[in-house]
Amino acid sequence: MHHKKFKFKQKLLLALLLNAPIATYAEEVKKSSIDDYLTLGTADSIYGSDDFYVHDRKQIGHQIKTFIPPLLTPAVTQHAYVLPPGSFRLDFSQRHLSLDGNDFFKDGDPNTDIFSNFKVNRQLSDLDFFYGFDLNKKYLHSFTLRVNLPYRNVETNGSINPNGQSFISLENAGSSSHIGDVGIFLKKKVLDQANSGFGLAVVGAVFLPTGSNEATFGSNGRISARRPQPPNTVAAQGFDAVQRANVENGTWGDGRCFFRNFNIDNRELCNNNPAFSAPSLGVQSFSPGGQNFDNSFVGDFPFNNGVFGRFSADGRLPSILQSGTGSTSFLVGAFLTKQFSANSFLGRSALHGGFSHKFVSESDGIDPGDITTYFTSFVKPIYKDYLSLDLSLIAFDREEDTYSGNIPEPEIHTCIAADIGVVSNCGSVGEEAFVFDVGHRPGFSGGLTGFIAPSIIFSPNPQLRFTLSTLFRVIEPDLGPAPESIFRFSISTIL
């Protein structure tokens with residue numbers, strides 16, 4: 001320290017002797033100190049060029065001076081980079097996906113018995129604001145704040161066959177467009193590559209229940225159900241007889257008969273007359289403002305105790321097709337980044353990896369299930385800093401969703417001794433009869449879904465960046481919908 005002070009005095013004295021302006025010399029000393037700080041004292045390589053750490057520090061120094069984010073940021077996944085203090089970034093992205101009957105799974109196989117003619121189109125838009133800041137205290141450096149504003153659009157069209165029974169056809173067509181659950185993220189850099197060999201960041205987030213979880217079958221569209229026609233009309237009466245018996249015994253039900261819901265002219269037959277006629281023919285249609293919209297009796301079938309009540313008592317869509325969860329959710333995660341220099345065996349590139357876990361709470365008897373995301377990405381520039389390729393592997397492990405309450409589901413029943421004389425078509429043990437079996441509402445989605453995602457990253461200047469990505473499904477979930485492919489594009493700019 002004494003030696004440095006002595007050298008400084010020598011240089012100052014020399015400047016005075018040479019009549020050099022003191023102010024000019026002070027500026028040179030200041031600039032030299034800033035450059036030394038940005039390179040953290042690293043030296044030139046013995047091979048005549050900057051070593052990795054000098055190169056890395058110069059890149060970071062340039063970013064700090066010009067508020068430029070790292071150029072090797074992945075297109076789809078997360079990373080350990082944080083924005084320089086005081087810098088703003090704005091991102092806009094859209095994802096487009098389509099689902100048909102082959103994209104709904106049960107026990108890992110396409111569930112076409114139910115969803116053979118059912119299609120879903122989704123468009124998911126995200127607007128993200130980023131801000132880098134530093135609290136200038138020990139352990140409180142290198143933060144990035146992110147606010148995510150999502151917008152979700154869902155369009156459905158087609159029909160389903162409840163529990164795989166083809167003689168019941170429930171058609172639905174409509175759309176739902178709403179803002180999703182707003183997310184607030186805080187990322188903190190824990191390790192820097194220049195000091196630790198790799199970068200490490202942790203993140204925490206809260207999702208506010210700004211999105212809607214109340215979209216129903218037929219929202220902003222139409223819904224219709226063909227009269228369930230069992231193998232013979234006597235079976236319908238047999239099922240209702242079983243329900244009446246169970247109501248009297250207090251086991252389940254509320255005295256309403258399933259088939260009565262399609263026979264408006266005979267509303268009292270179920271409770272007062274065990275020998276009632278078969279339900280009327282034709283299609284019962286339900287649409288906003290339609291003739292049956294406020295008809296609580298007809299509406300009891302699709303929206304309360306029938307197959308449209310599978311996901312809630314009011315016929316709401318499953319949670320995966322809603323724009324929001326209806327409750328406050330939380331997320332934690334950790335991200336790693338390893339950046340390679342041009343002299344490495346991989347060349348100038350970056351490798352990213354990490355995970356996040358989203359905790360989703362139950363709301364109105366519906367629990368969408370927690371989601372854990374795993375990812376890894378390799379980013380490689382192919383033309384200077386203008387064009388890069390990104391190859392990512394992404395896996396979503398979703399906890400099976402749950403829905404409170406019971407529901408009658410149609411099935412072909414194998415008769416037992418207790419059914420003889422009670423259930424129509426059950427003349428002896430082992431015969432088959434059409435019945436509605438009441439059980440707990442089953443889950444709709446769950447399991448591990450995996451994608452491989454190649455991307456192109458184009459950056460015409462350091463403040464502007466475009467990405468194009470396609471995610472291809474390589475691992476199918478155990479239960480629920482998973483698109484075969486997802487198309488995504490994004491625009492990012494420094495403000």
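Residues numbered from 1 in each chain as written. Predicted model: local features only at pLDDT ≥ 70, side-chain atom pairs only at ≥ 80, totals over all residues. Heavy atoms only, no water.

**Comments concerning the overall build of the protein chain**
Scanning the protein chain from N- to C-terminus turns up 8 helices and 22 strands. Looking at the protein chain as a whole, 46% of its 495 residues qualify as buried. Only carbon and sulfur atoms are counted for the fraction: they give 57% of the accessible area of the protein chain, which is about 24,700 Å². (Helix = DSSP H or I, 4+ residues; strand = E, 2+ residues; numbered from the N terminus. Buried < 20%, exposed > 50% of the residue type's maximum accessible area, 1.4 Å probe, protein only. Areas by Shrake-Rupley, 256 points an atom, 1.4 Å probe, with all protein chains shown as cover.)

**Quick look at unusual backbone geometry**
Of note in this structure, Asn-136 is not a glycine but carries a positive phi near 55°. By the secondary structure assignment, Asn-136 is in the loop between strand S4 (117-133) and strand S5 (143-160). Overall, Asn-136 belongs to the exposed group, its relative accessible area being 64%.

**Re the side chain of Asp-370**
Within the element layout of this structure, Asp-370 appears in the loop between strand S13 (366-367) and strand S14 (371-383). At a separation of 2.9 Å, a polar atom in the side chain of Asp-370 contacts the main-chain amide nitrogen of Val-360. Not counting chain neighbours up to four residues away, the residues in contact with Asp-370 comprise His-357, Lys-358, Phe-359, Val-360, Asp-397, Arg-398 and Glu-399. (Polar contact = N/O pair within 3.5 Å; in protein donor to acceptor, adjacent residues only side chain to side chain. Contact = heavy atoms within 4.5 Å.)

**Here we look at the pairing of S4**
As a general feature of sheets, a regular strand has side chains that alternate between the two faces. Two strands pair when backbone bridges link them, and strand S1 (residues 88-99) and S4 are joined in this way by 12 bridges, in the antiparallel orientation. In the sheet register, Ser-93 faces S4, and the bridge partner there is Asp-126. As paired strands, S4 and S5 are joined by 17 bridges and run antiparallel to one another. If you follow Phe-130 over to S5, its bridge partner there is Arg-146. (Pairing = 2+ DSSP bridges.)

**Examining the pairing of strand S7 (residues 183-191)**
Pairing between S5 and S7: 6 bridges, direction antiparallel. By the bridge assignment, Asn-148 is partnered in S7 with Gly-183.

**Topic: a negative patch on the surface**
On the surface, Asp-107, Asp-109, Glu-399, Glu-400 and Asp-478 cluster together to form a negatively charged patch. Examined against the element boundaries, Glu-400 turns out to sit in the loop between strand S15 (387-398) and strand S16 (402-403). A relative accessible area of 47% means that Glu-400 is categorised as partly exposed. (Patch = residues over 30% accessible without salt bridge, like charges linked within 9 Å, V, L, I, M, F, W, Y side chains within 5 Å. Salt bridge = Lys/Arg side-chain N within 4 Å of Asp/Glu carboxyl O. Lys, Arg positive; Asp, Glu negative; His and termini not counted. Charge placed at Lys NZ, Arg CZ, Asp CG, Glu CD.)

**A closer look at a nonpolar patch on the surface**
Together, Ile-382, Tyr-383, Tyr-386, Leu-389, Ile-456, Phe-458, Phe-466, Leu-468, Phe-487 and Ile-491 make up an exposed nonpolar region whose accessible area comes to about 910 Å². Contributions of two or more residues to the nonpolar patch are made by S14, strand S19 (447-461), strand S20 (464-475) and strand S22 (485-494). Examined against the element boundaries, Phe-458 turns out to sit in strand S19.

**Observations concerning the sheet that holds strand S2 (residues 104-106)**
Spatially, the 3 strands line up as an open sheet ordered S3-S2-S21, and their pairing is antiparallel. What marks the edges here is a single partner per strand, and that holds for strand S3 (109-110) and strand S21 (479-481). Across 3 bridges, the pairing between S2 and S21 is antiparallel. Of the residues in S21, the one forming a bridge with Phe-105 is Gly-480.

**What to know about the pattern of salt bridges**
Counted by the stated rule, this structure contains 8 salt bridges. Between Arg-152 and Asp-126 there is a salt bridge whose closest N-O contact spans 3.6 Å. Of this pair, Arg-152 sits in strand S5 while Asp-126 sits in strand S4, and the two are 26 residues apart along the sequence. An identical accessibility class is assigned to Arg-152 and Asp-126; each is buried. Connected via shared salt-bridge partners are Arg-95, Asp-126 and Arg-152.

**Observations regarding the environment of Asp-385**
When you line up the elements, Asp-385 lands in the loop between S14 and S15. What makes Asp-385 partly exposed here is its relative accessible area of 35%. Asp-385 sits 75 residues away from Pro-460 along the chain, and the two C-alpha atoms are 8.4 Å apart. Filtering out sequence-adjacent residues up to four positions away, Asp-385 remains in contact with Leu-71, Arg-348 and Ser-459. Polar side-chain contacts of Asp-385 include one of 2.6 Å to the side chain of Arg-348.

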